[in-house]
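# A closer look at the structure
Listed here are the chains, written in short residue letters.
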Amino acid sequence: MKQPAQSNTVVGWREWVSLPDAGLDWIKAKLDTGAQTSALHVIHIEEFERDGQAWVRGLVRPWQHSWADEVAMEWPVRDVRRVRSSSGHAQQRYVVLQTIRLAGREVAVELTLTNRDKMGFRMLIGREALRHGFLVDSHASFLGGRAPKAIRRRNNGLASEPD
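Residues numbered from 1 in each chain as written. Predicted model: local features only at pLDDT ≥ 70, side-chain atom pairs only at ≥ 80, totals over all residues. Heavy atoms only, no water.

Assigned secondary structure in the chain consists of two helices and eleven strands. Starting at the N terminus and walking to the C terminus, you meet the elements of the chain as β-β-β-β-β-β-β-β-β-β-α-β-α. In terms of overall size, the chain behaves like a compact globule, its C-alpha atoms giving a radius of gyration of 16 Å where 163 residues would be expected to give roughly 15 Å. If you line up the chain on its principal axes, its C-alpha atoms span 55 × 40 × 35 Å. Taken over 163 residues, the chain has a buried fraction of 40%. A sequence separation of at least 24 residues applies to 56% of the contacts in the chain between residues at least 6 apart. For the chain, the exposed area adds up to about 9,300 Å²; of that, 47% sits on carbon and sulfur atoms. The average position of the 24 basic charges and that of the 19 acidic charges among the side chains of the chain differ by 7 Å. (Helix = DSSP H or I, 4+ residues; strand = E, 2+ residues; numbered from the N terminus. Rg over C-alpha atoms; globule rule 2.2 N^0.38 Å. Buried < 20%, exposed > 50% of the residue type's maximum accessible area, 1.4 Å probe, protein only. Contact = heavy atoms within 4.5 Å. Areas by Shrake-Rupley, 256 points an atom, 1.4 Å probe, with all protein chains shown as cover. Lys, Arg positive; Asp, Glu negative; His and termini not counted. Charge placed at Lys NZ, Arg CZ, Asp CG, Glu CD.)

The following block contains the structure:
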């Protein structure tokens, strides 16, 4: 007997995502069905070896206009891929596996690590990640919930104030 298909979770073209393993509860992400892979803003990326395997470390800065709350992270290297950005620039990037929480669901996705300072979002969620049962409504935003006002202000580089 055929198993019923898992119901899809409808999300907007932009959502608040968390990285539970890193203790990062809020990162604004663009969900892009035109991009194959997902990307995370990481600076000071450095490869090292642990137990004979390639690892990578760097600093994740969750806010667009602030260095506050940066988190040092380390991942085993899953792959190194040549990725072409939306501007047409090709770049070699480390690929890591990371659990993300999107619209209340946790899924393990492949992320490429890159400096996204000049991009509008610290994280990009591409088709490979969206295949985990997400449908993107291109007319909607934040269907998975909005970050608290203090977090939204922090993301915009404004001083935190009570909700």
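Where strand 4 (residues 38-50) meets strand 5 (residues 53-60), seven bridges bridge the pair, whose relative direction is antiparallel. Across the sheet, E49 pairs through a bridge with A54, a residue of strand 5. The antiparallel pairing of strand 4 with strand 5 creates a hairpin that spans two residues between the two strands, and D51 there sits at a positive phi of about 50°. Note that strand 5 and strand 6 (residues 71-76) share six bridges and pair antiparallel. When the sheet's bridge partners are listed, W55 is paired in strand 6 with P76. (Pairing = 2+ DSSP bridges.)

So, on to the nonpolar core. Grouped together as the largest cluster of nonpolar side chains are 28 residues, with contacts concentrated most on L40, W75 and M123. By size, the runner-up hydrophobic cluster in this structure holds five residues, among which are W16, W63, F142 and A147. (Core = buried A, V, L, I, M, F, W, Y, C linked by side-chain atoms within 4.5 Å.)

This part takes up the pattern of salt bridges. Taken as a whole and judged by the stated rule, the model has ten salt bridges. The closest approach of N and O atoms between E74 and R57, which form a salt bridge, is 3.3 Å. Of the two residues, E74 sits in strand 6 while R57 sits in strand 5, which places them 17 residues apart along the sequence. Since its relative accessible area comes to 36%, E74 is described here as partly exposed. (Salt bridge = Lys/Arg side-chain N within 4 Å of Asp/Glu carboxyl O.)

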